[in-house]
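# Descriptive analysis of the structure
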Amino acid sequence: MLGKAKLAAVAVAGGMLAVTMSTSAHAAGSPTNLTGKGCPSSHQNSSGGVTWVQTLKSKTQSSTGRWYGLYKVVYLKPSTGQPVSQPNREYAC
């Protein structure tokens, strides 16, 4: 019985991995890691032939006093310039 539970967990994890890979495979490159950069209100970089734009959505302070920024992330389609939403990212300021 335990073997079936492990197999089911692996199948679910594999399915999540496939979904993650298929959604991020449309854009080459990646947005800049903003950890330690002071949580700018926005940041833009080009990587892998596309432009990445990150916009600060919110900023929170942890119980230890460290600040964290939550960013909305999009990449701009090279052919049209249309933004394509990606998962939000959180960075330590």
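Residues numbered from 1 in each chain as written. Predicted model: local features only at pLDDT ≥ 70, side-chain atom pairs only at ≥ 80, totals over all residues. Heavy atoms only, no water.

### Examining the packing of aromatic side chains
Taken as a whole, this structure holds 2 aromatic pairs when the rule is applied. With centroids separated by 5.4 Å and ring planes inclined at 55°, the aromatic side chains of Trp-52 and Tyr-75 adopt a geometry described as tilted. With Trp-52 in strand β2 (residues 50-61) and Tyr-75 in strand β3 (residues 67-76), the pair connects residues that are 23 residues apart, well separated along the chain. Sitting above the plane of the Trp-67 ring, Lys-59 keeps its charged end 5.4 Å from the centroid. (Phe/Tyr/Trp six-rings, centres within 6.5 Å; stacked < 30°, edge-to-face > 60°. Helix = DSSP H or I, 4+ residues; strand = E, 2+ residues; numbered from the N terminus. Lys NZ or Arg CZ within 6 Å of the ring centre and 35° of its normal.)

### Some thoughts on the pairing of strand β4 (residues 83-92)
When β3 meets β4, the two strands line up antiparallel, connected through 8 bridges. In the strand pairing of β4, Leu-76 is matched with Pro-83. Counting the residues that bridge the hairpin from β3 to β4 gives 6 residues, and of these Gly-81 lies at a positive phi of roughly 80°. (Pairing = 2+ DSSP bridges.)

### Observations concerning the pairing of strand β1 (residues 42-47)
Note that β1 and β2 share 6 bridges and pair antiparallel. Bridging from a neighbouring strand, Gln-44 pairs with Val-53 of β2. Connecting the antiparallel pair β1 and β2 is a turn made up of 2 residues, with Gly-48 showing a positive phi of about 65°.

Taken by themselves, the reported measurements are silent on function.
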